[in-house]
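Spelled out, the chains give:
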Amino acid sequence: SATDSGERRRSVGNGEANTATLQVILQNHLARCWRNSLDAPHPDELAVEVELSLNRNGELMGPPRLIDQGRILSSPNPYLRVAGERALRAASLCAPYPLPPEQYSEWRQITANFAPSLYGN
């Protein structure tokens, strides 16, 4: 399409609102695939983030990547390691992602937050 190959639109418009909306779509979608850590002690300390690289149809272009993976997977806290593994599993199981194609440039690389507090009780 013209916006991909031609000039970038000078005014992106309300980018913050778009990003927030994309996060809501992402979290609602991931909630179906994710076993959260609300059953663990101190679930608020078990938030992890996963970076997703997606192609235009919402499929993963490569394996999801834990942000701060070394710290999480080598943590002395076994619950944090499990939280990281559950997040990676959910990110893989949940593909493809139903994100708006016209905003592809904003979500082709996107960070998914897996924080028990985001998903209610």
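Let me begin by describing the structure that accompanies this report. What you are looking at is a predicted structure, and each value in this text was computed from that prediction instead of being measured.

### Topic: the sheet that holds strand 2 (residues 65-66)
Move 1: Here 3 strands make up an open sheet; going across it, the order is 2-1-3 and the pairing antiparallel. Where the open sheet ends on each side, the last strands, each with one partner, are strand 2 and strand 3 (109-114).
Move 2: In terms of strand pairing, strand 1 (residues 48-53) meets strand 2 through 2 bridges, oriented antiparallel. The residue bridging Glu51 from the neighbouring strand is Arg65, located in strand 2.
Move 3: Sheet contacts for helix 4 (residues 78-93): strand 1, strand 2 and strand 3; angle to strand 1, the most-contacted strand, approximately 25°.

### Things to note about the pattern of salt bridges
Move 1: Counted under the stated rule, the structure contains 3 salt bridges.
Move 2: Salt-bridge contacts for Glu51 lead to Arg65; the nearest nitrogen and oxygen are separated by 3.3 Å. Separated by 14 residues along the polypeptide, Glu51 in strand 1 and Arg65 in strand 2 bring together distant segments of the chain.
Move 3: We classify Glu51 as partly exposed; its relative accessible area is 22%.
Move 4: You can call Arg65 partly exposed: its relative accessible area is 41%.

### Thoughts on unusual backbone geometry
Move 1: With an omega dihedral of 0°, the bond running from Ala95 to Pro96 counts as a cis peptide bond.
Move 2: Examined against the element boundaries, Pro96 turns out to sit in the loop between helix 4 and helix 5 (104-107).
Move 3: Look at His42: it is not a glycine, yet its phi comes out positive at around 55°.
Move 4: Inspection of the secondary structure puts His42 in the loop between helix 2 (15-31) and strand 1.
Move 5: Of note, the phi angle at Asp68 is positive, near 70°, even though the residue is not glycine.
Move 6: With respect to the helices and strands, Asp68 occurs in the loop between strand 2 and helix 3 (69-73).
Move 7: Residue Asp68 is classed as partly exposed on the basis of its relative accessible area of 40%.

### Quick look at the nonpolar core
Move 1: With 25 residues, the main nonpolar core has Leu26, Leu52, Tyr97 and Phe114 as its most contacted residues.
Move 2: Every element with two or more residues in this core is listed here: helix 2, strand 1, helix 4, helix 5 and strand 3.
Move 3: The leading source of residues in this core is helix 4, at 5 residues.
Move 4: Every residue in contact with Leu26, bar those within four places of it in the chain, is listed here: Leu52, Tyr97, Leu99, Ile110, Thr111 and Ala112.

### Concerning the state of the cysteines
Move 1: For the coordinates displayed, the defined rule picks out 1 disulfide.
Move 2: Note that Cys33 is cross-linked by a disulfide to Cys94, the S-S spacing being 1.9 Å. The S-S bond linking Cys33 to Cys94 shows a torsion near 90°; that makes this disulfide right-handed. Of this pair, Cys33 sits in the loop between helix 2 and strand 1 while Cys94 sits in the loop between helix 4 and helix 5, placing them 61 residues apart in sequence.

Thresholds applied
- Counting restarts for each chain: residues are numbered from 1 in the order of the written sequence.
- Selection of residues for local features in this predicted model requires a pLDDT of at least 70, selection of side-chain atom pairs for listing and counting requires 80 or more, and totals for whole chains, interfaces and linings are taken over all residues.
- Only hydrogens and water are removed before side-chain values are computed, so all heavy atoms of the structure are retained for them.
- At least two bridges found by DSSP between two strands are what make those strands a pair.
- Numbering of helices and strands runs from the N terminus; a helix is a DSSP stretch of H or I covering at least four residues, while a strand is a stretch of E covering at least two.
- Note on contacts: a residue pair qualifies if any of its non-hydrogen atoms lie within 4.5 Å across the two residues.
- To define axes, lines are fitted to C-alpha atoms, for helices over the stretch in contact only, and angles between the resulting N-to-C directions are given on a 0 to 180 degree scale.
- Any Lys or Arg side-chain nitrogen found within 4 Å of a carboxyl oxygen on Asp or Glu counts as a salt bridge.
- Burial status follows relative accessibility: with a 1.4 Å probe on protein chains alone, a residue under 20% of its type maximum counts as buried, one over 50% as exposed, and anything between as partly exposed.
- Here, the term nonpolar core denotes a set of buried Ala, Val, Leu, Ile, Met, Phe, Trp, Tyr and Cys residues that are joined through side-chain atoms within 4.5 Å.
- Cysteine sulfur atoms that pair up within 2.5 Å are treated as a disulfide.

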